[in-house]
Amino acid sequence: MRILFVDIDTLRPDHMSCYGYSRNTTPNIDKICEEGVRFDEYYCSDAPCLPSRAALVSGMFGIRNGAVGHGGTAADRRLTGPARDFNDCMDQNNFHHIFRRAGMHTASISTFAERHSSYWFDAGFHECYNVGGYGGESGERVLPVALDWLERNKDRDNWFLHVHFWDPHTPYRAPAEFGNPFENEPMNTWIDDEVLALHKQHTGPHCINELYMYDDRENPDFPRMPGSASDQKGLKRIMDGYDCGVAYADDLVGRLVQTLRRQGIYEDTAIIVTSDHGENMGELGIYAEHATADYPTCHIPLIVKWPGGAKGVRDTGLHVNLDILPTMADLLGVEHCSNWDGLSYAETITQGREQGRDSLVLSQMAHVCQRSARFGDWLYIRTYHDGYHLFDREMLFNIRQDPHEQTDVKEQYPEVCRQGAKIILDWHDDMMMKSDSQIDPLWTVLREGGPYHTWGHLDSYLERLEKTGRKEGADKLRAKYKPQS
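The following paragraphs examine the structure supplied in this document. The residue numbers shown here count from 1 along each chain, following its written sequence. Residue-level local features of this predicted model are given only where pLDDT is at least 70; pairs of side-chain atoms are given and counted only at 80 or more, and the full residue set underlies all totals for whole chains, interfaces and linings. Water and hydrogen atoms were dropped before computing side-chain values, which therefore reflect all heavy atoms in the structure.

## Some details on the packing of aromatic side chains
Item 1. The aromatic pairing rule takes the rings of Phe, Tyr and Trp, using the six-membered ring of Trp, and pairs them if the centres are within 6.5 Å, calling planes under 30 degrees apart stacked, those over 60 edge-to-face and the rest tilted. Taken as a whole, this structure holds 22 aromatic pairs when the rule is applied.
Item 2. Their ring planes at 15° and their centres at 6.4 Å tell us that Phe125 and Phe160 sit as a pair that is stacked. Of the two residues, Phe125 sits in the loop between helix 6 (112-115) and strand 5 (127-129) while Phe160 sits in strand 6 (residues 159-165), which places them 35 residues apart along the sequence.
Item 3. With relative accessibility at 8%, the residue Phe125 sits in the buried group.
Item 4. Categorising residues by exposure relies on relative accessible area from a 1.4 Å probe, with only protein chains included: less than 20% of the type maximum marks a residue as buried, more than 50% marks it as exposed, and the intermediate range marks it as partly exposed. For Phe160, a relative accessible area of 0% translates into the label buried.
Item 5. What links up through ring pairs into an aromatic cluster is the set Phe5, Phe95, Phe99, Phe112, Trp120, Phe121, Phe125 and Phe160.
Item 6. Counted as over-ring charges are cases with an Arg CZ or a Lys NZ within 6 Å of the ring centre that also lie within 35 degrees of the ring normal. The aromatic ring of Tyr19 is capped on one face by Arg38, whose charged end is 4.8 Å from the ring centroid.
Item 7. Across from the ring centre of Phe112, 4.9 Å away, lies the NZ or CZ of Arg53, which sits over that ring. Helix numbering and strand numbering both begin at the N terminus, where a helix is a DSSP run of H or I of at least 4 residues and a strand a DSSP run of E of at least 2.

Take a look at the structure:
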């Protein structure tokens, strides 16, 4: 059997045409979707990049594997400790080893491991290809390596190939020659002038005034990425930049598919298209960043075309990305590991039968410290460090009615907040009882100075807020984080 795993970084489902987006961003992925299963309620358990892939590869929530941030102790996976054998069980039982156990040749084309010094990601691969861009490259550097691999292995059966494209990731970097297919298309955005005016008063990194994170610099190497936006024209530049990244990645997928068809193996090749996390595009006042444990950041696509499997199916069950380990194990006849936290949805892929969880807990520790409960129509967010966005300790959104999180309804539904808080508490207790460590990495992050992307920025950011007419926000941040000054 052959399996192509397409990993498109920072991909929001609602910016894909196969998920109903008004712009035709993903025509090639749309065709794959028609031949397989589309998962509508699929999430990364731990955001963003490093924590998401740590959960995916280990099969454990971040609270157990330890890698929940982008810096400090919690950016590294926990050591196994006294139980570590000659080979580390964390690596021997990871996602990529499932395919090895099934007798497949495994290869990865990705710069992720080097970008985050997370070389555990490569465990289980026979071959690893790194084009050396640290995640700053566009797919034009990745695709030739993938096409060359497919040509060299065209007569090989039983392979698993992981191909990683970064193009929707900020800063938006689709090549200039790709152009802008959406130049004359409207945004159809929920962000009207009134909402935009509110966002221009927002406090926190990656708001509309500081798309570079804490300021409005622009990098000439990434002309699609503005430093700020003050009107609808500027907003369209942001949206077009992101959508061009999505469309360009889709074009690359199309070229991979063309190669499989030319080689005569497309029908017999399983194709999985997914992402590590989504992207805030105005939600909670944040743009062009994956900075929260909310719906747009943690909601990700999953499309699976499986030979002999279900076709044209939409699954609406709740899943997290680490559920794919037991799912692939079931599909390939590989024994489960008792240490995994995932739940299999193999029958959804083979038969179209809906499976899923009653609720999910989602975490973010790199930009903010938040845990959220996703259940029913609701997203309940609990904030431990707001990343300088001045979020309330609790927030509640009805995702069905308000997918862009414009109206916090915690005051109207205190009983739903209690339900969400209990989901997080029960999950926390279950995970800590199962963990080999007595330390929740959330507290490690907080005790080491807070989320990595807040380190060393507060003083200069307070000055910027005051110089740009947001003294009220600066005063609130100063009172919260520098009460003695």
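Don't stop here, the text continues.
## A closer look at the pairing of strand 7 (residues 269-274)
Item 1. By the criterion of burial, strand 7 is predominantly enclosed, with 6 of the 6 residues buried.
Item 2. Residues Thr269, Ile271 and Val273 point to one face of strand 7 and Ala270, Ile272 and Thr274 to the other, with burial holding for every one of them.
Item 3. Strand pairing is assigned whenever DSSP detects at least two bridges linking the two strands. Pairing between strand 1 (residues 2-8) and strand 7: 6 bridges, direction parallel. Residue pairing in the sheet places Arg2 in a bridge with Thr269 of strand 7.
Item 4. Here 4 bridges tie strand 7 to strand 10 (residues 299-305), and the two strands are oriented antiparallel to one another. By the bridge assignment, Val273 is partnered in strand 10 with Ile303.

## A look at the nonpolar core
Item 1. Here, nonpolar core refers to any group of buried Ala, Val, Leu, Ile, Met, Phe, Trp, Tyr and Cys residues whose side-chain atoms link them within 4.5 Å. Counting 79 residues, the largest nonpolar core has Ile3, Phe95, Ile98, Phe99, Trp306, Ile324 and Met328 as its most contacted members.
Item 2. Contacts are residue-level and defined by heavy atoms, with any inter-residue pair within 4.5 Å sufficient. The residues contacting Ile324, other than those within four sequence positions of it, are Phe5, Tyr42, Leu56, Phe95, Ile272 and Tyr345.
Item 3. Ranked by size, the runner-up nonpolar core spans 54 residues in total, among them Ile109, Val142, Ala174 and Met187.

## Here we look at the environment of Gln263
Item 1. By the secondary structure assignment, Gln263 is in the loop between helix 9 (232-262) and strand 7.
Item 2. Separated by 108 residues in the primary sequence, Gln263 and Asp155 have C-alpha atoms spaced 8.9 Å apart.
Item 3. Leaving out residues up to four positions away in the same chain, Gln263 has contacts with Leu150, Glu151 and Lys154.
Item 4. N or O atoms closer than or at 3.5 Å make up a polar contact, with two conditions inside protein: a donor-capable atom paired with an acceptor-capable one, and, for residues adjacent in sequence, both atoms drawn from side chains. Here the side chain of Gln263 touches Glu151 through a polar contact of 3.5 Å, side chain to side chain.

## A short note on the sheet that holds strand 14 (residues 369-375)
Strands in a sheet are paired, the pairing made by backbone hydrogen bonds, and the direction either parallel or antiparallel.
Item 1. Judged by pairing direction, the sheet is mixed, and its 5 strands sit side by side in the order 3-13-14-15-16 without closing on themselves. Each end of this open sheet is capped by a strand with a single partner; those strands are strand 3 (46-47) and strand 16 (394-398).
Item 2. Here an axis means a line fitted to C-alpha atoms, over the contact stretch when the element is a helix, while the angle between two N-to-C directions is reported on a 0 to 180 degree scale. Running over the sheet, helix 13 (residues 414-434) touches strand 13 (359-364), strand 14, strand 15 (378-385) and strand 16 and is turned about 110° from strand 14.

## Some details on unusual backbone geometry
Item 1. Of the consecutive residues Ala47 and Pro48, the connecting peptide bond is found in the cis state with omega at -5°.
Item 2. Mapped onto the fold, Pro48 is located in the loop between strand 3 and helix 2 (49-58).
Item 3. Between Thr170 and the following residue, Pro171, the backbone shows a cis peptide bond with an omega angle of -5°.
Item 4. With respect to the helices and strands, Pro171 occurs in the loop between strand 6 and helix 8 (193-199).
Item 5. Despite not being glycine, Asn188 has its phi angle at roughly 55°, a positive value.
Item 6. Position of Asn188 relative to the elements: it lies in the loop between strand 6 and helix 8.

## Quick look at the pairing of strand 14
Item 1. Counting buried positions along strand 14 gives 7 out of 7 residues, so the element sits mostly inside the fold.
Item 2. With 6 bridges joining them, strand 13 and strand 14 adopt antiparallel strand pairing. Residue Gln364 lies in a different strand from strand 14, and its bridge partner there is Gln370.
Item 3. Here strand 13 hands over to strand 14 after 4 residues, the two strands then running antiparallel side by side.
Item 4. Pairing of strand 14 with strand 15 involves 7 bridges; the strand directions are antiparallel. Bridge pairing in strand 15 links Arg371 to Arg382.
Item 5. Taking the residues that link successive antiparallel strands as the turn, the strand 14-strand 15 hairpin has 2 residues, and the phi of Gly376 there is positive, at about 55°.

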